[in-house]
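Fold and contact review
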Amino acid sequence: MSSSSHNFEEDEGAKRPIPSFDTSSIKLSTLGIGDTEDSMPDYLEYDTSGRGLMQTMFANAGLSYLLGTLGGGIYGFNEGLKHTPSHRFRVKLNSVLNHCSRHGSRFGNMLGVWSVMYSFYENFADQVRRRLWLWLWSIQEYKYCTAFVYTTNEEIAKHLYNLLHYCHIIHQPQN
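The following refers to the structure shown. (Residues numbered from 1 in each chain as written. Predicted model: local features only at pLDDT ≥ 70, side-chain atom pairs only at ≥ 80, totals over all residues. Heavy atoms only, no water.)

1. Some words on the overall build of the chain
Each helix and strand in the chain was counted, giving five helices and zero strands. Counting from the amino terminus, the chain carries its helices and strands in the arrangement α-α-α-α-α. Every one of the 175 residues in the chain was classed for burial, and the buried ones make up 18%. Within the chain, residue pairs in contact and separated by at least 24 positions form 58% of the contacts whose partners lie at least 6 positions apart. On the chain, roughly 14,600 Å² of surface is accessible, and the fraction owed to carbon and sulfur atoms is 61%. (Helix = DSSP H or I, 4+ residues; strand = E, 2+ residues; numbered from the N terminus. Buried < 20%, exposed > 50% of the residue type's maximum accessible area, 1.4 Å probe, protein only. Contact = heavy atoms within 4.5 Å. Areas by Shrake-Rupley, 256 points an atom, 1.4 Å probe, with all protein chains shown as cover.)

Written out as structure tokens, the structure reads:
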């Protein structure tokens, strides 16, 4: 016998018993199959309202900060190459790094703050719409309920953000 041949008597796997596939302990009624008169299927818990306010704010702020930093870095790279005072490599590199860090951090912070404000306004609009819709439904003013169905939270958040932005511009002190 050669050394490459396999001896099945010495194999560890051959000595272990075959696992039992007994399915008598599985209740098919909990899976929604078979006799379901005595019990309902087991469902996973799922929150239909979506993410909470803080989770949405952190997710939106993180993504916006990352995209703003990347976009500002690319813009800073372009500006750094344009406004280099010398053609030496070290001076060009220093100019590019300075512009990338300046514009990248500004754009990233700006977009991060905007996304936090937008997320807050969107959640606020959702809460107001939900409560107002339930109140209108409870007093049976169905004709006003359709206005809330066709207005999205994003539109309301956009208008609230614009209102804050324009109020800030109007009330700036003039020299």
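2. Comments concerning helix α2 (residues 53-82)
In this model, α2 (30 residues) spans 42 Å end to end at C-alpha, consistent with the 44 Å of a helix rising 1.5 Å per residue. Looking only at α2, the buried set comprises Thr-56, Met-57, Ala-61, Ser-64, Gly-68, Gly-72, Gly-73, Gly-76, Glu-79 and Gly-80. (Expected span 1.5 Å × (residues − 1).)

3. Some details on the environment of Asn-94
Tracing the chain through its elements places Asn-94 in helix α3 (residues 89-138). Here Asn-94 falls in the partly exposed class, since its relative accessible area comes to 44%. Along the primary structure Asn-94 and Thr-84 are separated by 10 residues, whereas in three dimensions their C-alpha atoms are 8.9 Å apart.

4. Comments concerning the packing of aromatic side chains
Applying the stated criterion across every chain yields a total of two aromatic pairs. Look at Phe-120 and Tyr-121: their rings are 6.0 Å apart centre to centre, the planes differ by 55 degrees, and that puts the pair in the tilted class. Given a relative accessible area of 40%, Phe-120 falls into the partly exposed group. (Phe/Tyr/Trp six-rings, centres within 6.5 Å; stacked < 30°, edge-to-face > 60°.)

5. Let's talk about the side chain of Ser-64
Mapped onto the elements of the fold, Ser-64 is located in helix α2. Excluding residues within four positions of it along the chain, Ser-64 makes contact with Gly-108, Leu-111, Gly-112 and Ser-115.

6. So, the environment of Gly-71
Counting through the fold element by element, Gly-71 comes out in helix α2. Residue Gly-71 is classed as partly exposed on the basis of its relative accessible area, which comes to 35%.

7. So, the environment of Tyr-75
For Tyr-75, the location among the structural elements is in helix α2. For Tyr-75 and Phe-107, which are 32 residues apart along the polypeptide, the C-alpha to C-alpha distance reads 9.8 Å. Setting aside residues no more than four positions away along its own chain, Tyr-75 makes contact with His-103 and Phe-107.

8. Considerations on a nonpolar patch on the surface
Taken together, Leu-63, Leu-66, Leu-67 and Leu-70 make up a surface patch of nonpolar side chains, about 410 Å² in accessible area. Topologically, Leu-70 is positioned in helix α2. What makes Leu-70 exposed here is its relative accessible area of 51%. (Patch = residues over 30% accessible without salt bridge, like charges linked within 9 Å, V, L, I, M, F, W, Y side chains within 5 Å. Salt bridge = Lys/Arg side-chain N within 4 Å of Asp/Glu carboxyl O.)

9. Observations concerning the side chain of His-99
Summarising the element assignment, His-99 is placed in helix α3. Accessibility expressed as a relative area gives 13% for His-99, which makes it buried.

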